[in-house]
Amino acid sequence: MAPTTREATDMSRLPQIDPENATGKAAVQLAETQKALGSVPNLMKVLVNSPAAVKGYLAMNGALAAGVLPFPVRERISILTAELNGCTYCLSAHTFSGGKFAKLSDSELAAAREAKSQDAHIEAILTLTRRVIEGRGQGGAQAIADARAAGVTDEEIAEVVANVAANILTNYFNELVDTDVDFPRVAPHAH
């Protein structure tokens, strides 16, 4: 059983596990998170209530990081997915990460929330992302035909879906448990 040490300011519906007090598999996963990310965001402190969930999340993201979609594109997909799913935590985290680490401008960060980009290829990827999310995977024949016509490769199409799936995991999790936002807060638009 994972430890349930909770910080006084933690408002999440599941316990937030402090890495300094974690034991067993939770301690291992939080240490790996610290090593991989350089810090332990609140998402991981709550998700580690299931060390297997953290391990799966990190493995999927690690695999996708080695794919054809570069980090700035993946951050835009994350921003759009969080926007469409109404996830304040993920929108805040990826807006921060997109600006600081992916070096996206404020205008590109804002455009990603609307499936837009100054780069036509990236906009085609974001359009596909929107269609996958809004259609829940339905309408694939037309969505794929349109993406291919815009120059999106089959490998990129597959990775768009995989990135959406990884982001839906954290969007739904954070909304369900109300993870405390530990990044500058960015609220989703009303949809």
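Fair warning: this is a prediction, and the values are worked out from it, not measured in the lab.

With 15 residues, helix α4 (residues 71-85) should reach 21 Å at 1.5 Å per residue; the first-to-last C-alpha distance of 21 Å fits that figure. Judged by how many residues are buried, α4 sits mostly within the fold: 12 of 15 residues are covered. Buried within α4 we find V73, R74, E75, R76, I77, S78, I79, L80, T81, A82, E83 and L84. Its buried side turned inward, α4 meets α3 (51-65), α5 (88-100), α6 (106-112), α7 (120-135) and α9 (154-177). Of the residues trailing α4, G86 is marked for its positive phi of about 65°.

Let us now look at the environment of D106. For D106, the position within the fold is in helix α6. With a relative accessible area of 67%, D106 lands in the exposed category. Along the primary structure D106 and N85 are separated by 21 residues, whereas in three dimensions their C-alpha atoms are 21 Å apart.

Another aspect to go through is the environment of F173. Among the structural elements, F173 can be located in helix α9. Here F173 falls in the buried class, since its relative accessible area comes to 16%. Leaving out residues up to four positions away in the same chain, F173 has contacts with L14, L43, V46, L47, I168 and T179.

The next thing to look at is the layout of surface pockets. Taken as a whole, the largest pocket encloses approximately 750 Å³ of empty space. Lining the largest pocket are 27 residues, with L37, Y57, E75, H94 and S97 positioned closest to its centre. The biggest single contributor to the lining of the largest pocket is α5, with 6 residues. When its residues are assigned to classes, the lining of the largest pocket shows 17 nonpolar, 8 polar and 2 charged.

The backbone of A115 sits at a positive phi, close to 60°, despite the residue not being glycine. Tracing the chain through its elements places A115 in the loop between α6 and α7. The phi dihedral of D178 is positive, around 60°, even though this residue is not glycine. Tracing the backbone through its elements, the reader meets D178 in the segment after α9.

Grouped together as the largest cluster of nonpolar side chains are 26 residues, with contacts concentrated most on L30, L43, M44, L47, V48, Y89 and F173. Breaking this core down by element, the ones donating at least two residues are α1 (24-37), α2 (42-47), α3, α4, α5, α6 and α9. Once residues within four sequence positions are removed from consideration, Y89 is found in contact with P41, N42, L43, N174, T179, D180, V181, D182 and F183. Counting 19 residues, the second-largest nonpolar core is a separate cluster that includes L80, I122, V132 and V160.

The subject of this paragraph is the state of the cysteines. The final tally for this structure, using the stated rule, is 0 disulfides. Here C87 is not cross-linked by a disulfide; its sulfur's nearest cysteine counterpart is in C90, at 3.6 Å. With relative accessibility at 0%, the residue C87 sits in the buried group. Judged by relative accessible area, which is 3%, C90 ranks as buried.

When pLDDT is averaged across the protein chain, the result is 92; 94% of the residues are at 70 or more. Contacts from residues 1-9, a stretch scored under 50 in pLDDT, to residues over four places away or in other chains number 23 contacts.

Evaluated as defined, the whole model comprises 3 aromatic pairs. A ring pair is formed by F96 and F183, whose centres lie 5.6 Å apart and whose planes are at 45°; its orientation type is tilted. Of this pair, F96 sits in helix α5 while F183 sits in the segment after α9, and the two are 87 residues apart along the sequence. Given a relative accessible area of 22%, F183 falls into the partly exposed group. Among the aromatic residues, those joined into a cluster by ring pairs are Y89, F96, F101 and F183.

About the thresholds
Residues numbered from 1 in each chain as written. Predicted model: local features only at pLDDT ≥ 70, side-chain atom pairs only at ≥ 80, totals over all residues. Heavy atoms only, no water. Helix = DSSP H or I, 4+ residues; strand = E, 2+ residues; numbered from the N terminus. Expected span 1.5 Å × (residues − 1). Buried < 20%, exposed > 50% of the residue type's maximum accessible area, 1.4 Å probe, protein only. Contact = heavy atoms within 4.5 Å. 1 Å grid on protein atoms, 1.4 Å probe; cavity = no way out; pocket = protein on both sides within 12 Å on 5 of 7 lines; lining within 4 Å. Points joined across faces, edges and corners; volume = space filled by probe spheres on them. Nonpolar A, V, L, I, M, F, W, Y, C, P; charged D, E, K, R; others polar. Core = buried A, V, L, I, M, F, W, Y, C linked by side-chain atoms within 4.5 Å. Disulfide = S-S within 2.5 Å. pLDDT = per-residue confidence, 0-100. Phe/Tyr/Trp six-rings, centres within 6.5 Å; stacked < 30°, edge-to-face > 60°.

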